Amino acid sequence: RKEVEQDPGPFNVPEGATVAFNCTYSNSASQSFFWYRQDCRKEPKLLMSVYSSGNEDGRFTAQLNRASQYISLLIRDSKLSDSATYLCVVGGNKLVFGAGTILRVKS
Amino acid sequence: EAQVTQNPRYLITVTGKKLTVTCSQNMNHEYMSWYRQDPGLGLRQIYYSMNVEVTDKGDVPEGYKVSRKEKRNFPLILESPSPNQTSLYFCASSPTAPNTEAFFGQGTRLTVV
């Protein structure tokens, strides 16, 4: 079983749609949680950290459920520029990356 | 500008020819690491360094070497590259602990023929 698992997608959605990504992790001792965004053939960049209380940044909302070892990312009012791969990242004694979920937003 | 710089960005080489990929960060970060990214497998850690002269193996260290003689530099060395090392490589740095936000270099696409 992978340490961090994500649905690879692709998720093909129209502009303006709401889309949700899920991620599960296996190490219950994990301490930090992130969502990164990676554009094609480019470096990953931090999208947002994920806190137990949940957090929101504009159109993006991240949730963490420690009991279920589950992280989610919700994107509202999708834009064409949101098209990318979204990486779920979990930190314990190191960062462990999921393989990513591909999002394609179409006009 | 705060950044992590990798060179070269693209490299095609032949089996067995030693190569070095350089990585430099200007943020005074203590923690640095190397990853390789392959389709369907995500980013896998090759080596990491907690500070100067302190390096350790990650999940896939075979066939790679690193050094950390200065805080800012963390080169990745392939002594005898093989085709299964064809991949996209990223260097990353973090301010302190390894489970904090990582800042990535632009990546090096390596092809070994």
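Residues numbered from 1 in each chain as written. Chains lettered and ligands numbered in written order. Predicted model: local features only at pLDDT ≥ 70, side-chain atom pairs only at ≥ 80, totals over all residues. Heavy atoms only, no water.

**Here we look at the pattern of salt bridges**
Enumeration over the complete set of coordinates arrives at 9 salt bridges over all chains. Between A:E56 and A:R76 there is a salt bridge, with the nearest N and O atoms lying 3.5 Å from each other. Of the two residues, A:E56 is situated in strand β6 (residues 55-57) and A:R76 in the loop between β8 (70-75) and β9 (84-91); the sequence distance between them amounts to 20 residues. On the basis of relative accessibility, which here comes to 59%, the residue A:E56 falls in the exposed class. Counted as one network, the salt bridges with shared partners bring together B:K18, B:K65 and B:E79. (Salt bridge = Lys/Arg side-chain N within 4 Å of Asp/Glu carboxyl O. Helix = DSSP H or I, 4+ residues; strand = E, 2+ residues; numbered from the N terminus. Buried < 20%, exposed > 50% of the residue type's maximum accessible area, 1.4 Å probe, protein only.)

**Some words on the interface of chain A and chain B**
The interface is formed by 20 residues belonging to chain A together with 18 residues belonging to chain B. Buried area between chain A and chain B, both sides added, is near 1500 Å², and the carbon and sulfur share of it is 51%. In this structure, the connection of chain A to chain B is made through 1 salt bridge. Here chain A is connected to chain B by 7 residue pairs in polar contact (both at pLDDT 80 or more). Listing elements by their share of the side of chain A that touches chain B, those giving two or more residues are β4 (32-38), β9 and β10 (95-97) of chain A. In terms of residue count, the dominant contributor to the side of chain A that touches chain B is β4(A) (4 residues). Looking at the side of chain A that touches chain B residue by residue, the classes come out as 8 nonpolar, 7 polar and 5 charged. (Contact = heavy atoms within 4.5 Å. Buried area = accessible area lost by both parts, 1.4 Å probe. Polar contact = N/O pair within 3.5 Å; in protein donor to acceptor, adjacent residues only side chain to side chain. Nonpolar A, V, L, I, M, F, W, Y, C, P; charged D, E, K, R; others polar.)

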